[in-house]
2 protein chains.
Amino acid sequence: MIVLLLNLARIRSYMETLLKNLKVEINDKIYVKDPESSDLGKRIVKHSIEMIYELGFEQFTFKKLGAAIKSNESSIYRYFENKHKLLLYLTSWYWSWLEYQLVLQTMIITSPQDKLIKGVEILTQEVTQDSSFSHINEVLLNKIVIAEYSKSYLTKEVDKENKDGYFAIYKRLVMRLKDLIVAVNGSYKFPSSLSSMIIDGALHQHFLKEHFSGITDCNKKITPTSYFLDLVEQLIINNGKK
Amino acid sequence: MIVLLLNLARIRSYMETLLKNLKVEINDKIYVKDPESSDLGKRIVKHSIEMIYELGFEQFTFKKLGAAIKSNESSIYRYFENKHKLLLYLTSWYWSWLEYQLVLQTMIITSPQDKLIKGVEILTQEVTQDSSFSHINEVLLNKIVIAEYSKSYLTKEVDKENKDGYFAIYKRLVMRLKDLIVAVNGSYKFPSSLSSMIIDGALHQHFLKEHFSGITDCNKKITPTSYFLDLVEQLIINNGKK
DNA sequence: CCAAATTTAATAGTAATACTATCAAATAAT
DNA sequence: ATTATTTGATAGTATTACTATTAAATTTGG
């Protein structure tokens, strides 16, 4: 009984530590003023998600956003230097949210294999319901990440921005999946590449099934998740068992 | 002897058919005027490759290109509607060139496994030497494809442009690799997804090793090719043997 | 090889984008 | 209630992404 209580206490403390680290905390160099700190900031975030989803990143402008929220273009510049920084903010928020899902939902699983399977599921499935956070629509944000995330790092400024930590959350998430892979099969030679490929590849397969359906096996029935689960099973789990 | 001659004749005719289909022929809706048809057109292509490589696609403009080739901005618009179309042209050229490499270099291989291995090598390795085509630098073009290709399809116009056949060469190349996969292991459930993932994933891994080296196992010694070869060996070749 | 047709260069101009600056009005904090 | 901060409104700049026009240069066909 005492052992049980001690374990519970340990688990609780462990969870608290994790949850603290997992708060959606975005590098404050990404914004000029924290959009979470005001009503206007939250409206900027909320409506920018809707507008980028509808118009695409190229057609989206601060002027249009200003009109949509009945605020002024110049006010938006007080929160974000430019739309690139806003995209970095939104995608960082998304990866942070996904990391939170990953850690929370794998925490209670003890089997490394089941942990890995759950992890792959979380990181490759489509987001279908808008949960918890009031002003942020995760369903749309998932679609934005599929269509726009690569534009945030395929720039000439990537090395500088990487140094400034703008991609830290994304990279940490890749490393978490890598750790799950290594835990099942320590002898696999390319755990980091596999992890980064699963996360990026899932975005790509989701894109393909919507737009280039001829070059993917994924569709409404066969999900990217089932493809990547099969992949991981063959490469990591089955070989890990041997 | 006669049999041998007949075979040679058949092989030659087969090669001719293939080479005809493989001529770098780009959908003529991509350009206003064929850049191959004039000296100015070739200079536009040659220098746009150098400029996009140096400046990145966002900073590259027709005005700057005009200045670089000592020609006029308006003259460039007679060849390409806008820089997006120019990017489509360059990347189509690249995929066509790669397809040519793929078909030519796998043609003489009879073993399906060796064919697949060679195919994966061709489609995942870095381009290191500028061959054959006078005014097009394939080494730079490969780097442009790594850094910019996804921008050509991650747009709101993708479905329309896809219907117009702007991505046909790329998709055909994915299908060719898929065919190589199926030839080795017909029971693998996701040959198209694996093929598209290898081609896109190789670009991604090349990017990561240059800019986010922490989340890939690839580097100067461990190439993306060795990673993808191992993948294909485990998923397709070993299981195909069983 | 000369005239006609085509291509290219030069210039100008437009609408939109991506900002910056200024200042007044509204709101919140002490 | 006063002060500080935030927001809104207006204006302005440099650059981009084009289009239009016309003259000069080049190519081509008879």
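Structure first, text after, so check above.
Every value quoted in this text rests on a predicted model; they were computed, and no experiment measured them.

Enquirer: Got a minute to help me understand the overall build of chain A in this structure?
Expert: When helices and strands are tallied, chain A shows eleven helices and zero strands. Seen in sequence order, chain A has helices and strands lined up from the N terminus as α-α-α-α-α-α-α-α-α-α-α. Within chain A, the fraction of its 242 residues that count as buried is 51%. Intrachain contacts of chain A at a sequence separation of at least 6 include 70% that bridge at least 24 residues. For chain A, the computed accessible surface area is about 11,600 Å², with 53% contributed by carbon and sulfur atoms.

Enquirer: So what exactly am I meant to see when it comes to the packing of aromatic side chains here?
Expert: By convention here, two paired aromatic rings are described through the distance between centres and the angle between planes. All names here are of chain B. Per the stated rule, a full pass over the model turns up 34 aromatic pairs over all chains. When the centroid spacing of 6.1 Å and the interplanar angle of 70° are considered together, the rings of tyrosine 31 and tyrosine 89 count as edge-to-face. Of this pair, tyrosine 31 sits in the loop between helix H1 (2-22) and helix H2 (39-55) while tyrosine 89 is found in helix H5 (residues 83-107), placing the two residues 58 residues apart along the sequence. For the pair shown, tyrosine 31 and tyrosine 89 are each scored as buried.

Enquirer: I'm lost on the protein's contact with DNA strand D in this one. Help?
Expert: Taken together, 17 residues lie around DNA strand D, and Ser71, Arg78 and Tyr79 of chain A together with Glu73 and Asn82 of chain B are the ones closest in. For DNA strand D, the backbone makes up 55% of the atoms found within 4 Å of the protein, where backbone means sugar plus phosphate. Serine 71 of chain A places a polar side-chain atom, nitrogen or oxygen, 2.4 Å from a phosphate oxygen of DNA strand D. Here a sugar or linking oxygen of DNA strand D sits 3.2 Å away from a polar atom, N or O, in the side chain of tyrosine 77 of chain B. Taken together, the elements giving at least two residues each to the surface near DNA strand D come down to helix H4 (73-77) of chain A together with helix H4 (73-76) of chain B. When the residues that make up the surface near DNA strand D are grouped by side-chain class, the tally is three nonpolar, eight polar and six charged.

Enquirer: What is the right way to read the protein's contact with DNA strand C from this model?
Expert: Near DNA strand C lie 17 residues; those nearest to it are Glu73 and Asn82 of chain A together with Ser71, Arg78 and Tyr79 of chain B. Within 4 Å of the protein, the atoms of DNA strand C are drawn from sugar and phosphate moieties in a proportion of 56%. In the environment of DNA strand C, a phosphate oxygen lies 3.4 Å from a nitrogen or oxygen atom belonging to the side chain of lysine 33 of chain B. Here a phosphate oxygen of DNA strand C and a side-chain polar atom of serine 75 of chain B are 3.1 Å apart. Secondary structure elements with two or more residues in the surface near DNA strand C: H4 of chain A together with H4 of chain B. At three residues, the largest contribution of residues to the surface near DNA strand C is made by H4 of chain A. Partitioning the surface near DNA strand C into residue classes produces three nonpolar, eight polar and six charged.

Definitions and limits used
Residues numbered from 1 in each chain as written. Chains lettered and ligands numbered in written order. Predicted model: local features only at pLDDT ≥ 70, side-chain atom pairs only at ≥ 80, totals over all residues. Heavy atoms only, no water. Helix = DSSP H or I, 4+ residues; strand = E, 2+ residues; numbered from the N terminus. Buried < 20%, exposed > 50% of the residue type's maximum accessible area, 1.4 Å probe, protein only. Contact = heavy atoms within 4.5 Å. Areas by Shrake-Rupley, 256 points an atom, 1.4 Å probe, with all protein chains shown as cover. Phe/Tyr/Trp six-rings, centres within 6.5 Å; stacked < 30°, edge-to-face > 60°. Near = heavy atom within 4 Å. Polar contact = N/O pair within 3.5 Å; in protein donor to acceptor, adjacent residues only side chain to side chain. Nonpolar A, V, L, I, M, F, W, Y, C, P; charged D, E, K, R; others polar.

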